[in-house]
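# Structural overview
Take a look at the letters that make up each chain.
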Amino acid sequence: MSASIINGKQVSAEIREGLRQEVERLEKQGFTPGLAVVLVGEDPASQVYVRNKEKACHDLGYYSEVHRLPASTTQEELLALVDKLNRQENIHGILVQLPLPGHIVEKAVIDAIAVEKDVDGFHPVNVGNLVIGDDSLLPCTPAGVIELIKRTGIELSGKHAVVIGRSNIVGKPVSLLLQRENATVTMCHSRTANMKELTKQADILVVAIGRANFVDASYVKPGAVVIDVGMNRLDNGKLAGDVDFESVQSISGPITPVPGGVGPMTITMLMQNTLIAAKRLQGLA
Ligand code: NAP
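Residues numbered from 1 in each chain as written. Predicted model: local features only at pLDDT ≥ 70, side-chain atom pairs only at ≥ 80, totals over all residues. Heavy atoms only, no water.

## A word on empty space enclosed by the protein
Put simply, the rule is: Cavity: a set of points on a 1 Å grid over the protein atoms alone where a 1.4 Å probe fits but cannot get out. Pocket: an open set with protein on both sides within 12 Å along at least five of seven lines, its lining residues, like those of a cavity, having an atom within 4 Å of a point. Grid points are joined across faces, edges and corners, and a volume is the space filled by probe spheres set on the points. Here a helix means four or more residues in a row that DSSP labels H or I, a strand means two or more in a row labelled E, and each is numbered from the N terminus.
In the structure shown here, the tally under the stated rule is 1 cavity of 30 Å³ or more. Looking at the largest cavity, its volume works out to about 50 Å³. Looking at the largest cavity, the residues that line it are Ile94, Leu95, Val96, Ile110, Ile113, Asp118, Asp120 and Phe122. It is strand 3 (residues 93–96) that provides the largest number of residues to the lining of the largest cavity, a total of 3 residues.

## Notes on the environment of Ile149
Rule in force here: Should any heavy atoms of two residues lie within 4.5 Å, those residues are counted as being in contact.
Its place among the elements puts Ile149 in helix 6 (residues 140–151). Residues Ile149 and Val185 lie 36 residues apart in sequence; the distance between their C-alpha atoms is 14 Å. With sequence-adjacent residues up to four places away left out, Ile149 is seen in contact with Ile154, Leu156, Leu178, Ile204, Val206 and Ile227.

## Here's the deal with the site of the ligand
Selection rule: If even one non-hydrogen atom of a residue comes within 4 Å of a molecule or strand, that residue is called near it. In protein, a polar contact requires one atom able to donate a hydrogen and another able to accept it; more generally it is a pair of N or O atoms within 3.5 Å, and residues adjacent in sequence count only if both atoms are side-chain atoms. Only the protein chains shown count as cover for residues, with accessible areas throughout obtained via the Shrake-Rupley method and a probe of 1.4 Å.
Taken together, 22 residues surround the ligand, and among them Arg166, Ser167, Ser190, Arg211 and Thr266 come closest. Taking Met231, its main chain carries an N or O atom lying 3.0 Å from an oxygen atom of the ligand. In the environment of the ligand, a nitrogen atom lies 2.7 Å from a nitrogen or oxygen atom belonging to the side chain of Thr266. Relative to its free-state accessible area of 930 Å², the ligand is covered by the protein chains to the extent of 72%.

## Here we look at the sheet that holds strand 5 (residues 184–188)
The strands that make up a sheet are held in pairs by hydrogen bonds between backbone atoms, and each pair lies either parallel or antiparallel. Threshold: Strand pairing is defined by DSSP finding a minimum of two bridges between the two strands. Between N-to-C directions, angles cover 0 to 180 degrees, with each direction set by a line fitted to C-alpha atoms, over the stretch in contact for helices.
One open sheet holds the 4 strands; their spatial order is 5-4-6-7, and the pairing between them is parallel. Single-partner strands in this sheet number two, and they are strand 5 and strand 7 (225–228). Averaged over all adjacent pairs, the angle separating strand axes in this sheet is 15 degrees, with direction ignored. Taken strand by strand, helix 7 (residues 171–180) contacts strand 4 (160–164), strand 5 and strand 6 (204–207), and its axis lies near 165 degrees from that of strand 5.

## With respect to the nonpolar core
For clarity, the threshold we go by: The set of buried Ala, Val, Leu, Ile, Met, Phe, Trp, Tyr and Cys residues whose side-chain atoms join them within 4.5 Å is what this entry labels a nonpolar core. Relative accessibility thresholds used throughout: buried, under 20% of the residue-type maximum; exposed, over 50%; partly exposed, between the two (1.4 Å probe, protein chains only). Residue ranges assigned to the domains are those given by an automatic or database domain assignment.
Grouped together as the largest cluster of nonpolar side chains are 48 residues, with contacts concentrated most on Tyr62, Val145, Ile149, Leu178, Val206, Ile227 and Met271. Broken down by element, the residue count for this core peaks at 8 residues, all from helix 10 (residues 263–281). Of the domains in this structure, domain 1 (30–114) and domain 2 (140–262) are the two that each give at least three residues to this core. Not counting residues within four places of it along the chain, the set of residues in contact with Met271 comprises Leu19, Leu35, Ala56, Cys57, Leu60 and Tyr62. Core analysis: the next-biggest nonpolar cluster, separate from the first, contains 17 residues, Met195, Leu205, Phe245 and Val248 among them.

## Observations regarding the packing of helix 5 (residues 124–132) against helix 7
Angle between the axes and distance between the axes are the two parameters that describe a pair of packed helices. This is how it is decided: By convention the crossing between two helices is left-handed if the near helix lies anticlockwise of the far one by an angle smaller than a right angle, and right-handed if it lies clockwise. Note that Gly is not counted as nonpolar here; it falls among the polar residues with everything else outside the nonpolar set of Ala, Val, Leu, Ile, Met, Phe, Trp, Tyr, Cys and Pro and the charged set of Asp, Glu, Lys and Arg.
Direction vectors running N to C along helix 5 and helix 7 enclose 35 degrees, while the axes themselves pass 9 Å from each other. Here helix 5 runs over helix 7; the crossing is left-handed. Within the contact between the two elements, helix 5 uses Asn129, Leu130 and Val131 and helix 7 uses Pro173, Leu176, Leu177 and Arg180. In terms of residue class, the contact of helix 5 with helix 7 is built from 5 nonpolar, 1 polar and 1 charged.

## Some points on the packing of helix 1 (residues 8–28) against helix 10
The cut-off we apply is this: Oblique is the label for any angle not covered by the other classes, which are roughly parallel (under 35 degrees), roughly antiparallel (over 145) and roughly perpendicular (65 to 115).
Two numbers describe how helix 1 lies on helix 10: the axes approach to 9 Å, and their chain directions differ by 25 degrees. Relative to helix 10, the element helix 1 is oriented roughly parallel. For the element pair helix 1 and helix 10, the recorded crossing hand is left-handed. Mapping the contact onto sequence places Gly8, Lys9, Val11, Ser12, Ile15, Arg16, Leu19, Glu22, Val23 and Leu26 in helix 1 and Pro264, Met265, Ile267, Thr268, Met269, Met271, Gln272, Leu275 and Lys279 in helix 10. Per-class residue counts for the contact of helix 1 with helix 10 are 11 nonpolar, 4 polar and 4 charged.

## A look at a nonpolar patch on the surface
Filter applied, for reference: To count toward a patch, a residue needs a relative accessible area over 30% and no salt bridge; like charges are then connected within 9 Å, while nonpolar side chains (Val, Leu, Ile, Met, Phe, Trp, Tyr) are connected within 5 Å. When a carboxyl oxygen of Asp or Glu lies within 4 Å of a side-chain nitrogen of Lys or Arg, that pair is called a salt bridge.
Taken together, the side chains of Val127, Val131 and Ile132 make up a nonpolar region of the molecular surface, amounting to roughly 270 Å² of accessible area. You can see Val131 is positioned in helix 5.

## Some words on the layout of surface pockets
Approximately 1,400 Å³ is the volume found for the largest pocket. For the largest pocket, the lining is made up of 50 residues, of which Tyr49, Thr141, Met231, Gly263 and Thr266 are closest to its centre. Of all the elements in the fold, those that place two or more residues in the lining of the largest pocket are helix 1, helix 2 (44–60), strand 3, helix 6 and helix 10. The greatest single-element share of the lining of the largest pocket, amounting to 9 residues, is contributed by helix 2. The residue makeup of the lining of the largest pocket, split by class, is 27 nonpolar, 12 polar and 11 charged. Per-domain counts for the lining of the largest pocket show at least three residues from each of domain 1 (30–114) and domain 2 (140–262). Lining the second largest pocket are 16 residues, with Leu138, Ala143, Leu177, Arg180 and Gln272 positioned closest to its centre. For the lining of the second largest pocket, the elements supplying multiple residues, two or more each, are helix 6, helix 7 and helix 10. Ranked by residue count, the leading element in the lining of the second largest pocket is helix 10, at 5 residues. Of the residues that constitute the lining of the second largest pocket, the class distribution is 7 nonpolar, 3 polar and 6 charged.

Interpretation note: all reported values are geometric properties and have no functional meaning in isolation.
Here you go:
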């Protein structure tokens, strides 16, 4: 029997429709949430991501600014733009597209973004608030992962979740969010011994390692929810997840496909964060 597929595209479309309606209501009160995206250089993948963010703003009725800067931009010039956006009243969310060119210190730029406009959720204060369980702007992909798990209707409380990958942008925040939902969380990484013994105990398995089709059915407990964050470009140009979908879906519970699983959720959660930030800054939250 094959598992049910978690349709990230559909969940994303449902959330976006809710956001669109709320933005329309705010617009009638004379208020428009605004997102500024900054792109430095000509990285092709980053250009696609930025265009998709611009389109999402347009589709949902947000005010949007995209600052496309040459790869030669200095750190000082970029910090000056961030400072300007921090003070700009019609901008409620600031996203600096990563990676930045090598001569710019990413941490210096992330640290410079106003905490209340940090819609990527990467600022150390937002990360710290996530750790201690205070209100914060949540990192987008991890927030999307939790949303997809919740939409399966599975109760997270008391479940054993295993996360493979401990990056600052995916694995670590996913594990913190799962703990916030009262799951018991095991973290695995490249030095984990006997990983299969751990993953086979998981009621919920989240995979974020960046290795195409790495996790097959031998890692998975029958019926487990499997969330594949991986996005790997194969030599034939196709996109593959970190999970061998064909193998795993034969024994798992609900599972996300790649593409069409976690991927579509990231920009949707960015748009949700921007609305949250805008309402807080406007005193509407
Ligand atoms: P990353 O920074 O490279 O981190 C990878 C993590 O996986 C590290 O913690 C690493 O362990 C661990 N790892 C690598 N090989 C492993 C192995 N064989 N066994 C166990 N653990 C292993 O990657 P990332 O930024 O988290 O991204 C992970 C994947 O998610 C990538 O495919 C990326 O493209 C994708 N992604 C998708 C979205 C989206 O859908 N919107 C967003 C972000 C990322 P160590 O710490 O020990 O090195």
